[in-house]
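Commentary on secondary and tertiary structure
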Amino acid sequence: MSCSIGMSLVFRLGDVGFSLAAEDLLEIREEDPRELFSADASAAKLPFRDGAIPVVDLRRLFGVPDNPRADRAVRFLVLAGERGNWATPVDRVLGVHPASAFTRCPAPLLSRLPGPRPYGDVELWRDELLVRCDALWLEQCRRGI
């Protein structure tokens, strides 16, 4: 999708804002999570095209509290990964914005934390700090969640 180059998607998990390169995004879907997380399934799957893709809960990865309104329709970001497509639920999608709307802020303290981190930088957008995500990096970190 050439029109997404240089653009970033802004979304929220709870009160935490995130940004992600729009070129990593395949689509945004709205689904009823009760149908995806059945009691007999070991892992959630999202129907996608001719099959199903894994659903990864980024809340656990980032330590964001559960959404108390999780019983209603939820938006899922479908992301391209190195090992295949995957999806993650988000609370809100705030839009896609050009790179010029963001100021990258290095986070040296974060780089000293042990273990794999799903982010390395933060960005300033409309006077708000956002966690800058990378879909391939998230894919590597998701193994532990």
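Above this text is the structure in question.
Predicted model only: the values in this text are computed from it and were never measured.

Along the protein chain, the regular secondary structure elements total four helices and 11 strands. Counted over contacts in the protein chain with a minimum sequence separation of 6, partners at least 24 positions apart contribute 60%. Carbon together with sulfur atoms contributes 51% to the accessible area of the protein chain, which is approximately 8400 Å² in total.

Aromatic ring pairs are reported here in terms of the distance separating the ring centres and the angle at which the planes meet. The final tally for this structure, using the stated rule, is three aromatic pairs. Ring geometry for Phe11 versus Phe18: centroids 5.2 Å apart, planes at 10°, classification stacked. Across the pair, Phe18 and Phe11 agree in class, each one buried. Seen from their ring centres, Phe102 and Trp125 are 6.4 Å apart, and the 20° between their planes marks the pair as stacked. Taken together, the residues span a long stretch of sequence, with Phe102 in the loop between β8 (92–98) and β9 (103–106) and Trp125 in strand β10 (residues 119–125) at a distance of 23 residues. Here the two residues Phe102 and Trp125 agree in accessibility, since each one is buried. Three or more aromatic residues joined by ring pairs form one cluster here, namely Phe11, Phe18 and Phe62.

Within the element layout of this structure, Glu123 appears in strand β10. On the basis of relative accessibility, which here comes to 4%, the residue Glu123 falls in the buried class. Among the polar contacts made by the side chain of Glu123, one reaches the side chain of Ser19 at a distance of 2.5 Å. Reaching out from Glu123, the side chain makes a polar contact with the side chain of Arg104 at a distance of 3.3 Å. If we skip the residues at most four places from it in the chain, Glu123 touches Ser19, Phe102, Thr103, Arg104, Cys105, Glu128, Leu129, Leu130 and Arg132.

Calculation notes
Residues numbered from 1 in each chain as written. Predicted model: local features only at pLDDT ≥ 70, side-chain atom pairs only at ≥ 80, totals over all residues. Heavy atoms only, no water. Helix = DSSP H or I, 4+ residues; strand = E, 2+ residues; numbered from the N terminus. Contact = heavy atoms within 4.5 Å. Areas by Shrake-Rupley, 256 points an atom, 1.4 Å probe, with all protein chains shown as cover. Phe/Tyr/Trp six-rings, centres within 6.5 Å; stacked < 30°, edge-to-face > 60°. Buried < 20%, exposed > 50% of the residue type's maximum accessible area, 1.4 Å probe, protein only. Polar contact = N/O pair within 3.5 Å; in protein donor to acceptor, adjacent residues only side chain to side chain.

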